[in-house]
Amino acid sequence: MQIFAAHVQLRGRPESGGILLGTVHDNGLLVRIATQPSRHDKQSAYLFERMAFGHRAAARRHWRSSGGIVRYLGDWHTHPQDFPTPSGLDLEEWQKLARARKDERPTLSVIVGRKALHVEMMDKRGKRSPLSATHENL
């Protein structure tokens, strides 16, 4: 949540984002790490394009150091909205990421708004499973 709070789009800040790393359990996922935007990412007021360099290295480093327990769970990015909703481009990208997963698990996606989070899972067929989330005092 600290990473999300540091990048909420206030006062003309650009969209930001990264990847979510964590552990998989019988009753859910535990997000342990959210990477910060890298200098290689493309950021503007209404666009964030995550470049693999930096984020992929972090995922590999955590996967190796945990003995394969900490893994890629999904992505996060900000929107300049109080209560964010995914764009058509967001949905397309999430489906691509879900289809590319070798373990065939759904992909977790988080959009950080100014007053709330939009959280959902998407499977490789494009089936969306919205989850409830809010944030206070980011």
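On a predicted model such as this, the values are computed, not experimentally measured, just so you know. (Residues numbered from 1 in each chain as written. Predicted model: local features only at pLDDT ≥ 70, side-chain atom pairs only at ≥ 80, totals over all residues. Heavy atoms only, no water.)

**Student:** Which residues make up the side chain of D123, and what values go with them?
**Tutor:** Assignment of secondary structure puts D123 in the loop between β7 (117-122) and β8 (128-131). For D123, a relative accessible area of 13% puts it in the buried group. Among the polar contacts made by the side chain of D123, one reaches the main-chain amide nitrogen of K127 at a distance of 2.9 Å. (Helix = DSSP H or I, 4+ residues; strand = E, 2+ residues; numbered from the N terminus. Buried < 20%, exposed > 50% of the residue type's maximum accessible area, 1.4 Å probe, protein only. Polar contact = N/O pair within 3.5 Å; in protein donor to acceptor, adjacent residues only side chain to side chain.)

**Student:** A description of the sheet that holds strand β1 (residues 17-25) should follow, citing residues and the corresponding values.
**Tutor:** As summarised here, the arrangement of the 6 strands in space is β2-β1-β5-β6-β7-β8, forming an open sheet in which the pairing is mixed. Two strands bound the open sheet, and with one partner strand each, they are β2 (28-34) and β8. Taken over all neighbouring pairs, the strand axes of this sheet differ in orientation by 30 degrees on average, direction set aside. Examined bridge by bridge, strand β5 (residues 71-78) and strand β6 (residues 107-112) share 5 bridges and lie parallel to one another. Note on β6: the bridge partner recorded for D75 is S109. Against the sheet, helix α2 (residues 52-65) makes contact with β1, β2 and β5, and its axis sits at roughly 20 degrees relative to β1, the strand it touches most. (Pairing = 2+ DSSP bridges. Axes fitted to C-alpha atoms, helices over the stretch in contact; angles between N-to-C directions. Contact = heavy atoms within 4.5 Å.)

**Student:** I'd like a description of the pattern of salt bridges, backed by residues and values.
**Tutor:** A complete count under the given rule lists 10 salt bridges for this structure. Residues D75 and R50 are paired through a salt bridge, measuring 2.5 Å at the closest nitrogen-oxygen approach. With D75 in strand β5 and R50 in the loop between β4 (47-49) and α2, this pair connects stretches of sequence that are 25 residues apart. Judged by relative accessible area, which is 9%, D75 ranks as buried. One salt bridge in this structure joins R71 and D103, with 3.6 Å as the shortest N-O distance. Of this pair, R71 sits in strand β5 while D103 sits in the loop between α3 (88-100) and β6, and the two are 32 residues apart along the sequence. Residue class for R71 comes out partly exposed when judged on its relative accessible area of 26%. (Salt bridge = Lys/Arg side-chain N within 4 Å of Asp/Glu carboxyl O.)

**Student:** Outline the side chain of T78, listing residues and values.
**Tutor:** In this fold, T78 is placed in strand β5. Here Q9 takes part through its side chain, which lies 3.1 Å from a polar atom of the side chain of T78. Apart from the residues within four sequence positions on either side, T78 is in contact with H7, Q9, P14, E15, S16, I111 and V112.

**Student:** Got a sec to walk through unusual backbone geometry? Specific residues and values, please.
**Tutor:** A negative phi holds for most residues other than glycine; trans holds for most peptide bonds. One non-glycine residue, R11, lies in positive phi territory at about 50 degrees. Here R11 shows up in the loop between α1 (2-6) and β1. In this structure, E104 is a non-glycine residue whose phi angle is positive, near 60 degrees. The residue E104 is located in the loop between α3 and β6 in this model.

**Student:** An account of α3 is needed here, citing residue identities and associated values.
**Tutor:** A rise of 1.5 Å per residue sets the reference length of α3, with its 13 residues, at 18 Å; its end C-alpha atoms lie 19 Å apart and thus fit the reference within 8%. Along α3, the positions that sit buried rather than exposed are D90, W94 and A98. The buried residues of α3 occupy an angular sector of 65 degrees when the element is viewed end-on, so they sit on one face. Summarising the contacts, the buried residues of α3 are in contact with β5, β6 and β7. (Expected span 1.5 Å × (residues − 1). Arc of directions from axis to C-beta.)

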